[in-house]
Amino acid sequence: MTYLPAYVAATAGVVVALDAAYALLKYATTGHAPRPYSALTDRYEAWRDAQLPRPEPVPPQELADRLRRLSAEVQAVTASSRPAKALHLRAALLAYDDGLLQACRELHVQPPEGTKSGMSSQQRFQTESALMASGLVW
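Here's the deal with the packing of helix α4 (residues 85-107) against helix α5 (residues 121-133)
Two measures define how a pair of helices packs: the angle their axes make with one another and the distance between the axes.
Point 1. The geometry of α4 relative to α5 is characterised by a closest axis approach of 10 Å and an angle of 35° between their N-to-C directions. At the point where α4 passes α5, the crossing takes the left-handed sense. Together, Leu93, Tyr96, Asp97, Leu100, Ala103, Cys104 and Leu107 of α4 and Arg124, Thr127, Glu128 and Leu131 of α5 make up the contact between the two elements.
Point 2. Grouping the constituent residues of the contact of α4 with α5 by class yields seven nonpolar, one polar and three charged.

Rendered as structure tokens:
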């Protein structure tokens with residue numbers, strides 16, 4: 001009686017279990033699974049997102065108020081001479097960009113292609129123009 005098939009099966013099981021444990025650990029720590037498991041994690045994330053309730057729409061006036069406040073903050077930082085001005089300006093611009101993108105999502109306005117947080121000044125101008133063309137004034 002030979003134990004070779006049982007040995008091969010047990011060894012393969014251990015290798016698969018270790019690989020799955022590594023993938024689970026990597027996904028838990030970084031949010032990205034190794035390539036063979038990415039389809040599985042994509043399906044899990046789609047299911048998880050479908051379980052979340054849809055957020056309430058933000059009124060346009062509230063969006064305009066938020067953009068007005070963030071725009072004033074960008075102008076105040078630009079005009080100031082405080083220490084670490086570049087850092088503060090970068091943070092204010094990122095917050096303003098996020099506000100612009102949220103307004104685009106809420107008002108169903110298509111931002112320019114490839115626009116994401118951390119926009120260039122040209123992308124920011126195009127996004128602002130698209131929002132103003134849709135009737136949002138801030």
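Continuing now.
Overview of the pattern of salt bridges
Point 1. Under the definition given, this model contains four salt bridges.
Point 2. As a salt-bridge pair, Arg48 and Asp49 come within 3.7 Å of each other at their nearest N and O atoms.
Point 3. The shortest N-O distance in the salt bridge between Arg68 and Asp65 comes to 2.7 Å. With Arg68 and Asp65 both in helix α3 (residues 60-79), this residue pair falls three residues apart, about one helical turn.
Point 4. Residue classification places Arg68 among the partly exposed residues on the basis of a relative accessible area of 38%.
Point 5. A relative accessible area of 36% places Asp65 in the partly exposed class.

Section: the environment of Pro83
Point 1. In this fold, Pro83 is placed in the loop between α3 and α4.
Point 2. Residue classification places Pro83 among the exposed residues on the basis of a relative accessible area of 70%.

Digging into the confidence of the model for the protein
Point 1. The predicted model of the protein averages 90 in pLDDT, with 99% of residues at 70 or higher.
Point 2. Between the elements of the protein, mean pLDDT differs from a low of 88, seen in helix α2 (residues 38-51), to a high of 96, seen in α3.

Some thoughts on a nonpolar patch on the surface
Point 1. A contiguous nonpolar patch, built from Leu4, Tyr7 and Val8 and spanning about 350 Å² of accessible area, is present on the exposed surface.
Point 2. Mapping Tyr7 onto the fold places it in helix α1 (residues 4-30).

Quick notes on the side chain of Asp97
Point 1. By the secondary structure assignment, Asp97 is in helix α4.
Point 2. In contact with Asp97, other than residues within four places in its own chain, are Ser117, Gly118, Met119 and Arg124.

As for the nonpolar core
Point 1. Core analysis: the biggest nonpolar cluster contains 17 residues, and Leu67, Val74, Tyr96, Leu100, Ala103, Leu131 and Leu136 have the highest contact counts within it.
Point 2. For Leu131, the contacting residues outside a window of four places in its chain are Leu67, Leu100, Ala103, Cys104, Leu107, Val109, Leu136 and Trp138.

With respect to unusual backbone geometry
It is generally the case that most residues other than glycine have a negative phi and that most peptide bonds are trans.
Point 1. With a phi close to 60°, Ala84 is a non-glycine residue in the positive phi region.
Point 2. Structurally, Ala84 is set in the loop between α3 and α4.
Point 3. The phi torsion at His108 lies on the positive side, around 55°, for a residue other than glycine.

How each quantity is defined
- Residues numbered from 1 in each chain as written.
- Predicted model: local features only at pLDDT ≥ 70, side-chain atom pairs only at ≥ 80, totals over all residues.
- Heavy atoms only, no water.
- Axes fitted to C-alpha atoms, helices over the stretch in contact; angles between N-to-C directions.
- Helix = DSSP H or I, 4+ residues; strand = E, 2+ residues; numbered from the N terminus.
- Left-handed = near helix turned anticlockwise from the far one by under 90°.
- Contact = heavy atoms within 4.5 Å.
- Nonpolar A, V, L, I, M, F, W, Y, C, P; charged D, E, K, R; others polar.
- Salt bridge = Lys/Arg side-chain N within 4 Å of Asp/Glu carboxyl O.
- Buried < 20%, exposed > 50% of the residue type's maximum accessible area, 1.4 Å probe, protein only.
- pLDDT = per-residue confidence, 0-100.
- Patch = residues over 30% accessible without salt bridge, like charges linked within 9 Å, V, L, I, M, F, W, Y side chains within 5 Å.
- Areas by Shrake-Rupley, 256 points an atom, 1.4 Å probe, with all protein chains shown as cover.
- Core = buried A, V, L, I, M, F, W, Y, C linked by side-chain atoms within 4.5 Å.

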